[in-house]
Structure formats: structure tokens, C-alpha cells
Amino acid sequence: MDSVIGAEPLEPPSSRSSNGHASNGSAATPSQTARSRVAPANQRPIPVKTPPRSETFPLSKAALAFRDRVFPGATTAEWNDWRWQARNRIRSIEHLERAFDLSADEREAVSRHKGSLPVGITPYYASLMAQGDAMDPLRRTHIPVGQEYLRTPGEADDPLGEDGDAAAPGLVHRYPDRVLFLATGFCSTYCRYCTRSRMVGEPGGEYTFSHSQWDKALDYIEAHPEIRDVLISGGDPLTMADEKLDYLLGRLHAIKHLEFIRMGSKVPVVLPQRITRNLIRTLKRHNPLWLSIHFTHPAELTPEVTEACNRLADAGIPLGSQTVLLKDINDSVDVLKPLFHGLLMRRVRPYYLYQCDPISGSAHFRTPVEKGLEIIRGLRGHTSGYAVPSFVVDAPGGGGKIPLLPDYVVGRDGDDLLLTNYEGGTYRYPDPDGTLGAVLAKGRAA
Ligand code: SF4
């Protein structure tokens, strides 16, 4: 029988149920962890050896305060160990109640939840969220609320039609020269607006992520020389053990016609401790490799994330960011400009700003499309061009990414094209052979 790929690297055998899912019943709760750690002074165990200096991470004040409040027995070495972070993810109502003052709406929504896209938050990422404010931006992205159960017109479980474009299980072949390789259904945290909410956190569903599935996807890529670019995603591929990543990247690199491998991950943001020296060595073996990191808000730009980005950038891995535009969370220039500036300082190029996909139950996250254009208009010309991502709508039904830009063409006057700049001034560009702007000019004349 195939071994299931995905949750396994993060879960020790004792904390998992027989189907491979994390089992709430057997995993240590924060208080259990705390209870098991607090012992009379004369019985305290010898402190855990501090990891080698190269594996230490900065520990920000917020994280330290959260650790002492919610995981009082945890050592710094444990906190900085990504496997400890993964084992102690906040996954149940009891865990949440220890970390946050839940609103009645959150409590009810968490209690109702069944199936894929479970609650899952690393202790580190939870430490960035406000204990007493249900409207805290990061908290809203990870703790369910009742609106998640409302369905509105145009929403779908698979709005991008990925399942219809599957060339092999877990392999989406939509664009002629590139494929999306869904390597795992596991994430270290689960975003409530996830485009793949239908499948993440629930291995054994439509996507099983077995070795034979990988083999079928690899066989397909091998048989299609027109494919030059593979994006490994999931779930989150950086949640997989180093050996599994090494295997998959090695198999892909052995395919002669592949020019380019990319990965998409939120791990450097929600589990920065995962970016270990050994992971870096593993990734470096497979350069050129590009990484798109899922950022949401400037509150994520902590010293821990800086360290993770530095390690990746120092390894020669080009870093880009992907940000989903989310209502009342990051839908303003005042929030996104500091995020994009902070990313550039960490050598991450803001790459995509996504209109939120119409997944089922996402109406409370979605902004009108013009909000994204308004933000791009508020950035372009007002800051470095490198700090301005492309704003895209991923067309429902499998149309792919469609970039949208504010309209800077305002008309035509004879041989001159009329353009507006970031300050709203109108400028002429000599364009005697062109027709751009003529329709606008005609409309105005009529
Ligand atoms: S990390 Fe990515 S794949 Fe995982 S839940 Fe969030 S958006 Fe979805």
C-alpha cells in the first residue's frame, strides 16, 4: 500500500489517528504540555540542550509573552524547534480558549466545523494575534466565524476549476508550458480563505498524495516536453520532511526539459523555525529554485521571519510574495505599503496581489474588484516600482490569472496619446502611428 505523503512529517506517530489525520484526542493540549513541564524545583529535569547556534532564531517579545502565558513549561529550544511548533498547533476549541478570549461567534463556528480546512495555527503564529480582539487581522484569517457557513451566488468549492484541469491526480495542467504539482494536502496553519479549502487538511479525500500519485504526475511531466516550469504547491510543500522534498526536487530536476521549479509556501511566515540549516542545504542542492511566500499583513514581519527570509535569500533562492486582498484585513494602501516595503527590505519582491477567489463561504473576505485597482493606483508612482505587485483575478472556471491595471490612458488628440500620471496630471506622448485612446476620445466627443 502507498504511504500517505503530507501530514506525516509534522506529526509524531503517537499524536496521529490511524487514517493519518492529526488526532485532537491524543495530541497534547497547551495545558497538558504545561502540566507535564511544571515540576517541583528539586525534580526539574536537566534543561534541554540549546540547539547549535546556527539553528537558533530570534525570539520576539510578543512570542515570548505568549509562550509564557499559553505554554509556560516550554523551553526556548522547544519553541525554536519547528517540530515542536507543529506538534503543538492550536487545533481545537479547548486549545483556542487557552490562547484567546473567543467571541460567541468564533466559539460557535469552531464547534460547527467538520471536514477539510480544519483549524490549525502554530503557537508562533498565534503569538502574533490579539488575545482579546476578535477583529484582529491575523486572527480573522485563521479562526472561523459564522459567515464561513454562508453561501453566496458565484461561489464554489473549486472556483478555479482545478479538478477539471487535472492531467493526473494532483497535477493541474492549465497553461501550455507549465504545471501545478499539488504535493501534499497538509499545511502548518489553515487560512480560512484558502482556494484549496476543499482538499487541505484532509488527506485521503480526492487527493491522496501517495507515492504512486507522485509517480503518475512525474510520468506525465516526463512525457510532455512542452512543460518547462513546475510550481510545487499543496497544501504547503515546506511542511514535508527534508528527505521527501529532496526526493521530489531530485526527480523533477532529472527531467531534462524542465527549466524551472517554483514552490509556493506560507511556512516562512507561520513557521519560520522550519527554515533550518539542513532545509537550506537541501534546497540549495536543487537550484535554480524560486519561492513564492504567502504574506498577508505587516504584523507578520517579525525578527523570526526576517531570519527565515535571510537564510533563504542567502542561499540564492529568489523570493517573491503572494498576498490575497482581504476585506477589513489588508485592503488599504496604509496596510499594504508597509508590508511591501518590509518585504523588499527582506529581499522578497512583492509579486502578486490576488483578488480573493470566490470559494464557498468567502463573501466576508472579498472586496469589490475596484478596491484592488484603487490600491495599485495608490502605490504606483508613490513608491518604488519594485514595491508594486501585479493585481490579478484568477478567472473562475479555469480562465487563469488575468492582470488588472488602473487605466492610465485618457484619450487621444490627433497624433498624441493622452496619458495620466500618478498625480492625476495629463501628459502627451507623440504616437503618430498609433490608435490607442481613439475610442475613448470618440466616446467623449459623442
Ligand atoms: S497555507 Fe496556503 S494552502 Fe495552506 S491553508 Fe493557507 S492558503 Fe491554503
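Here, the structure is the one placed above.
Throughout what follows, the structure given in this document is the object of discussion. (Residues numbered from 1 in each chain as written. Predicted model: local features only at pLDDT ≥ 70, side-chain atom pairs only at ≥ 80, totals over all residues.)

To continue, consider the overall build of the chain. Helix and strand counts for the chain come out as 16 helices and 13 strands. When the 446 residues of the chain are sorted by exposure, 41% land in the buried category. Taking the intrachain contacts of the chain between residues at least 6 apart in sequence as the baseline, contacts between residues at least 24 apart amount to 78%. (Helix = DSSP H or I, 4+ residues; strand = E, 2+ residues; numbered from the N terminus. Buried ≥ 20, exposed ≤ 12 C-beta atoms within 10 Å, placed from the backbone. Contact = placed C-beta atoms within 7 Å.)

Here we take up the sheet that holds strand β11 (residues 409-413). Reading across from one edge, β11-β12-β13 is the order of the 3 strands in this open sheet, with antiparallel pairing throughout. Two strands in the sheet have a free side with no partner beyond their single neighbour: β11 and β13 (426-430). Strand-to-strand twist in this sheet, taken as the mean axis angle between neighbours without regard to direction, amounts to 30°. Taken together, the 5 bridges between strand β12 (residues 416-420) and β13 define a ladder with antiparallel strand orientation. Residue pairing in the sheet places L419 in a bridge with Y427 of β13. (Pairing = 2+ DSSP bridges. Axes fitted to C-alpha atoms, helices over the stretch in contact; angles between N-to-C directions.)

This part is about the packing of helix α14 (residues 333-345) against helix α15 (residues 369-379). Interaxial distance between α14 and α15 falls to 10 Å at its minimum, and their mutual angle equals 55°. Classified by the interaxial angle, the pair formed by α14 and α15 is oblique. Two packed elements cross with a definite hand, and for α14 against α15 that hand is right-handed. Contacts between α14 and α15 involve V333, L336 and K337 from the former and I375, G378 and L379 from the latter. When its residues are assigned to classes, the contact of α14 with α15 shows 4 nonpolar, 1 polar and 1 charged. (Parallel < 35°, antiparallel > 145°, perpendicular 65-115°, else oblique. Left-handed = near helix turned anticlockwise from the far one by under 90°. Nonpolar A, V, L, I, M, F, W, Y, C, P; charged D, E, K, R; others polar.)

Taken together, C187, Y190, C191, C194, R196, V200, G234, G235, D236, K266 and H294 make up the full set of residues near the ligand. Here the shell around the ligand is composed, by residue class, of 5 nonpolar, 3 polar and 3 charged. (Near = placed C-beta within 6 Å.)

Moving on, we come to the environment of E370. Within the element layout of this structure, E370 appears in helix α15. Exposure remark for E370: the 11 C-beta atoms within 10 Å place this residue in the exposed category.

Glancing now at the environment of V70. Turning to its location among the elements, V70 is positioned in helix α2 (residues 61-70). Take V70: there are 22 C-beta atoms within 10 Å of it, and that puts it in the buried class.

Strand-to-strand pairing in sheets goes through backbone hydrogen bonds, with the strands running parallel or antiparallel. One open sheet holds the 10 strands; their spatial order is β1-β2-β3-β4-β5-β6-β7-β8-β9-β10, and the pairing between them is mixed. Sheet topology places β1 (166-168) and β10 (400-404) at the edges, where each strand pairs with a single neighbour. On top of the sheet, α15 reaches β7 (319-325), β8 (348-355), β9 (390-395) and β10; it is set at about 160° to β9, its chief contact.

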